[in-house]
Amino acid sequence: MSKTEKLAQRLEKLKINGMYKNDFYWTWDKTEDELDAIFTVADALRDLRERNISTKVFDSGLGISIFRDNSTRTRFSFASACNLLGLEVSDLDEKKSQIAHGETVRETANMVSFMADVIGIRDDMFIEEGHKYQKTFMDALDEGYEKGILEQRPTLVNLQCDVDHPTQTMADLLHVIHEMGGVENLKGKKVAMTWAYSPSYGKPLSVPQGVIGLFTRFGMDVVLAHPEGYEVMPEIEEIARANAEKSGGSFRKTGSMEDAFQDADIVYPKSWAPFKAMEKRTQLYREGDKAGIDQLEQELLAQNAGHKDWTCSEDMMKRTKDGKALYLHCLPADISGLSCAEGEVDNSVFDRYIEPLYKQASFKPYIIAAMIFLSKVKDPVAALREMEKRGEKRKDF
């Protein structure tokens, strides 16, 4: 029996009818079966591609990408995912659009979506704005579809907002599942999601929030560590606590990186901006106060500089379980002695983990493809089996 057939049989047992023609905003909106389905389909698509079998389920159509912040991995992962399934990609460059001339979100949404199957949006820089933009965009598409303007209503993949980064954290977790030898081995594993020093300013909160909101659903012991003043959204902490209680894991906070790293199985040292500061920046942004934003940046850089000891050093890694914890990062990392003088992680640590880090990143195209697949294919089990049975080669080597 092939790996894809085994995965199809697993998928067959999951209750996932709610995923068809549905959007993906946050991981905590999805059931355990739905998360399992994304992991399962991602692995099946990867298995088929590794065997050079075509996974195209579309013979035409568009994936529209809207990046309101810079991106390398997620941008190309979305393009790769769309291409894997047979969709072409068109990127909305707002600087080349009519948005500057007063075009509304409602108008933009409908104008770019005439023949689109999926919309991928990244809008992560401003608290209370990113998710709001995604929701406003998709509400406009609901209206366009209901009134017959659009032949079909594209589905959303959240490529990062101010609240969550689901494609990243699900890729992270699928990497962990493979490294740990199966999802059944996650229970009881200690995860250190820690703030780390960065010489840059304003990194979004969506990765640490996404990690604590997702990893706590699998019975893991998740520790959120940061210096005083670097809190994340309190409502996401409550979600993490509720998830941990339900899954039999745990969630706690600490003001010590050493405490978080002690006997940890997995470490995720990553810089982020303080929630309160991001709220303030959003208000300054709404007011068009550029001088205020510049002043806030200098204040936050000075605040960061007071915590340069929060770094993933060789000594810090020695505190982890057997000194060999799995090191995670969403990339790019601020690497001490390489990309900056002082940063999130020592160059020697990063270099030692570079192969698993690249493997971690490699799961993202398949996670995104699985999200699209499950939202657009009515019978995903039959589709997987048909692709394998057809056995159409991508090309001859």
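Residues numbered from 1 in each chain as written. Predicted model: local features only at pLDDT ≥ 70, side-chain atom pairs only at ≥ 80, totals over all residues. Heavy atoms only, no water.

### Comments concerning the overall build of the chain
Next up, step 1: What the chain contains, in helices and strands, is 16 helices and 11 strands.
Next up, step 2: In terms of overall dimensions, the chain is globule-like: its C-alpha atoms have a radius of gyration of 21 Å, near the 21 Å expected for 397 residues.
Next up, step 3: Taking the principal axes of its C-alpha atoms as reference, the chain extends roughly 55 × 55 × 45 Å.
Next up, step 4: Out of the 397 residues in the chain, the part that is buried amounts to 57%.
Next up, step 5: For the chain, the exposed surface amounts to about 17,400 Å²; the carbon and sulfur share of it is 48%.
Next up, step 6: Here the chain contributes 53 positive and 66 negative side-chain charges, whose respective centroids are spaced 4 Å apart. (Helix = DSSP H or I, 4+ residues; strand = E, 2+ residues; numbered from the N terminus. Rg over C-alpha atoms; globule rule 2.2 N^0.38 Å. Buried < 20%, exposed > 50% of the residue type's maximum accessible area, 1.4 Å probe, protein only. Areas by Shrake-Rupley, 256 points an atom, 1.4 Å probe, with all protein chains shown as cover. Lys, Arg positive; Asp, Glu negative; His and termini not counted. Charge placed at Lys NZ, Arg CZ, Asp CG, Glu CD.)

### Focus on the sheet that holds strand E4 (residues 155-161)
Next up, step 1: Spatial strand order, E2-E1-E3-E4: four strands in an open sheet with parallel pairing. Each edge of the open sheet carries a strand with a single partner, namely strand E2 (88-91) and E4. Sheet twist, expressed as the average angle between the axes of neighbouring strands with direction ignored, equals 20°.
Next up, step 2: As defined by bridge partners, strand E3 (residues 116-123) adjoins E4 across five bridges and the pair is classed as parallel. (Pairing = 2+ DSSP bridges. Axes fitted to C-alpha atoms, helices over the stretch in contact; angles between N-to-C directions.)

### Focus on the packing of aromatic side chains
Next up, step 1: Summed over the entire model, instances satisfying the criterion amount to seven aromatic pairs.
Next up, step 2: On the basis of an interplanar angle of 35° and a centroid distance of 5.8 Å, the ring pair of Trp26 and Trp28 is categorised as tilted. Trp28 shares its class with Trp26; the two are buried.
Next up, step 3: Residues Phe126 and Tyr285 carry aromatic rings whose centres are separated by 4.0 Å and whose planes lie at 15° to one another, so their mutual orientation is stacked. Within this pair, whereas Phe126 is found in the loop between E3 and helix H5 (130-146), its partner Tyr285 is found in helix H10 (residues 275-287), the two being separated by 159 residues in sequence.
Next up, step 4: According to the relative accessible area criterion, Phe126 is buried, its value standing at 19%.
Next up, step 5: Using a relative accessible area of 43% as the deciding quantity, one classes Tyr285 as partly exposed.
Next up, step 6: Put simply, the rings of Trp195, Tyr230 and Trp310 touch in pairs and so form one group of aromatic residues. (Phe/Tyr/Trp six-rings, centres within 6.5 Å; stacked < 30°, edge-to-face > 60°.)

### Quick look at helix H7 (residues 206-215)
Next up, step 1: Across the 10 residues that make up H7, a large majority, 10, are buried.
Next up, step 2: Those residues of H7 not exposed but buried are Ser206, Val207, Pro208, Gln209, Gly210, Val211, Ile212, Gly213, Leu214 and Phe215.

### Examining the environment of His165
Next up, step 1: Turning to its location among the elements, His165 is positioned in the loop between E4 and helix H6 (166-180).
Next up, step 2: The exposure class assigned to His165 is buried, which follows from its relative accessible area of 3%.
Next up, step 3: Separated by 54 residues in sequence, His165 and Gly219 place their C-alpha atoms 20 Å apart.
Next up, step 4: Ignoring sequence-local partners within four residues, the contact set of His165 consists of Thr74, Arg122, Leu159, Gln160, Ser206, Val207 and Lys364.
Next up, step 5: Within the structure, His165 has its side chain in polar contact with the side chain of Gln160 (distance 3.5 Å). (Contact = heavy atoms within 4.5 Å. Polar contact = N/O pair within 3.5 Å; in protein donor to acceptor, adjacent residues only side chain to side chain.)

### Focus on the nonpolar core
Next up, step 1: In terms of nonpolar packing, the biggest core is built from 122 residues, with Leu173, Phe215, Met220 and Ile372 touching the most fellow members.
Next up, step 2: Here Phe215 is in contact with Thr169, Asp172, Leu173, Val176, Val191, Met220, Val222 and Leu328, once residues within four sequence places are set aside.
Next up, step 3: If you look at the next biggest cluster of nonpolar residues, it comprises five residues, including Tyr201, Leu284, Leu296 and Leu300. (Core = buried A, V, L, I, M, F, W, Y, C linked by side-chain atoms within 4.5 Å.)

### Let's talk about H5
Next up, step 1: With 17 residues, H5 should reach 24 Å at 1.5 Å per residue; the first-to-last C-alpha distance of 25 Å fits that figure.
Next up, step 2: Along H5, the residues that are buried comprise Gly130, His131, Tyr133, Gln134, Phe137, Met138, Ala140, Leu141 and Gly144.
Next up, step 3: Tucked inside the fold, the buried residues of H5 contact strand E1 (62-67), helix H4 (105-111), E3 and E4.
Next up, step 4: Just beyond H5, the residue with positive phi is Gly148, at close to 80°. (Expected span 1.5 Å × (residues − 1).)

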